[in-house]
Amino acid sequence: MTDLYKERRARFLNILKSNLVGGALIAFSGGTDSFLLVRAAAEAVEDPSEIYACLISSDLNSSLNFEEKFEELKSFRVSYIRINEDLISKAGILFNPGNRCYLCKRTMFLRIKEEAEKLSVKTIMDGTNADDLKTLRPGLAALRELGVISPLAEAGMTKKDVRRMSEEYGLKSAFLPSDSCLATRIPYGCRLDPKTLERIRQGEFFLKNLGLRAVRLRTSGSLACVAILFEDLRVALESREALVSGLKTLGFSRISIDLEFLKS
């Protein structure tokens, strides 16, 4: 039987190498997909410093602590850039419009494109994988418009493939839970207030410290709906008193568990 993973892996590496002449600027989020893309690109070129990992830091990041991730990038010998950007204001998404993802991605990659031009790098890549193409992701249209290359998706690499290949490389990021920007925790049409976003960020950090591996703290006003993996329900229930007390300390008045759960 043909090993489809090996076929997709080989296709991914071929696509990657064919697009790395003259280096590349890779949109780096610190997640499993972009970590693998940077690592594989670094190995595919003679001079890894020609590969630039570019992280856009804003109020929408679920974590602002990237030091450990940058330390791992150093071991790849690639160049890395961190750009602080007010995406909420610049993308015009203060009130979380329905096309927020498209506006945000377009603004983000236009900024990345500016950086690539400064560095005289023509190729811009991102870590979109094949599974991402099966879900509603309006931001992907912005990537296509701007000519961003997605080698993982083009090769048919699924999230499972990405984790397997990351594990083969010995990457710490191999089994990081998937994440998304904090705007997804707030209903469309509601203001993306920096204080609210920070409260969500702190709340999710607190919940993860309780032992919950993947968390989405969705909120409307002072209400908090916590989405977790089904496998972590027992942990949440055993930590119920601490969970409720901790979130109320952050200003949430009512706390519930989302019974549709997160998918691993």
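Everything below is about the structure printed above this text.
In short, a report on the structure. Predicted, not measured: the structure shown is a model, and the values here were computed from it. (Residues numbered from 1 in each chain as written. Predicted model: local features only at pLDDT ≥ 70, side-chain atom pairs only at ≥ 80, totals over all residues. Heavy atoms only, no water.)

Some words on the pattern of salt bridges
Step number 1: Under the counting rule described, the total for this entry stands at 21 salt bridges.
Step number 2: Ionic pairing is found between Glu168 and Arg164, a salt bridge with its closest N-O pair at 3.9 Å. Remark: Arg164 and Glu168 occur in helix H8 (residues 159-169); sequence separation between them is 4 residues, near one turn of the helix.
Step number 3: The class of Glu168 is partly exposed, set by a relative accessible area of 45%.
Step number 4: Residues joined by salt bridges that share partners form a network here, namely Glu85, Lys90, Arg111, Glu114, Glu115 and Lys118. (Salt bridge = Lys/Arg side-chain N within 4 Å of Asp/Glu carboxyl O. Helix = DSSP H or I, 4+ residues; strand = E, 2+ residues; numbered from the N terminus. Buried < 20%, exposed > 50% of the residue type's maximum accessible area, 1.4 Å probe, protein only.)

Description of the sheet that holds strand E7 (residues 254-257)
Step number 1: The strand order E5-E6-E7 describes an open sheet built from 3 strands, whose pairing is mixed. Looking at which strands have only one partner, the edges of the open sheet turn out to be strand E5 (215-220) and E7. Between one strand axis and the next, the sheet turns by 20° as a mean value, whatever way the strands run.
Step number 2: As paired strands, strand E6 (residues 223-228) and E7 are joined by 4 bridges and run parallel to one another. Each residue of the ladder has a partner; that of Leu223, found in E7, is Arg254.
Step number 3: In the packing of helix H9 (residues 194-209) onto the sheet, contacts are made with E5 and E6, and the angle to E5 comes to roughly 145°.
Step number 4: Most of the contacts of helix H11 (residues 240-249) go to E7, to which it runs at about 135°, and overall it touches E5, E6 and E7. (Pairing = 2+ DSSP bridges. Axes fitted to C-alpha atoms, helices over the stretch in contact; angles between N-to-C directions. Contact = heavy atoms within 4.5 Å.)

What about the nonpolar core?
Step number 1: One finds Leu60, Phe109, Ile112, Leu192 and Leu207 to be the most contacted residues of the largest nonpolar core, which totals 41 residues.
Step number 2: Here the element with the most residues in this core is helix H5 (residues 100-118); it accounts for 5 residues.
Step number 3: With 34 residues, the next largest nonpolar core counts Tyr5, Phe28, Leu37 and Val45 among its residues. (Core = buried A, V, L, I, M, F, W, Y, C linked by side-chain atoms within 4.5 Å.)

Thoughts on the packing of aromatic side chains
Step number 1: Per the stated rule, a full pass over the model turns up 5 aromatic pairs.
Step number 2: For the pair Phe70 and Tyr80, a centre-to-centre distance of 5.0 Å together with 20° between the ring planes defines the contact as stacked. In this pair, Phe70 sits in helix H3 (residues 67-76) while Tyr80 sits in strand E3 (residues 79-84), placing the two residues 10 residues apart along the sequence.
Step number 3: An aromatic cluster of at least three residues, connected via ring pairs, comprises Phe28, Phe35 and Phe76.
Step number 4: Residue placement shows Arg39 over the ring face of Phe76; its charged tip is 5.8 Å from the ring centre.
Step number 5: We note Arg199 situated over the ring of Phe252; from NZ or CZ to the ring centre the distance is 4.4 Å. (Phe/Tyr/Trp six-rings, centres within 6.5 Å; stacked < 30°, edge-to-face > 60°. Lys NZ or Arg CZ within 6 Å of the ring centre and 35° of its normal.)

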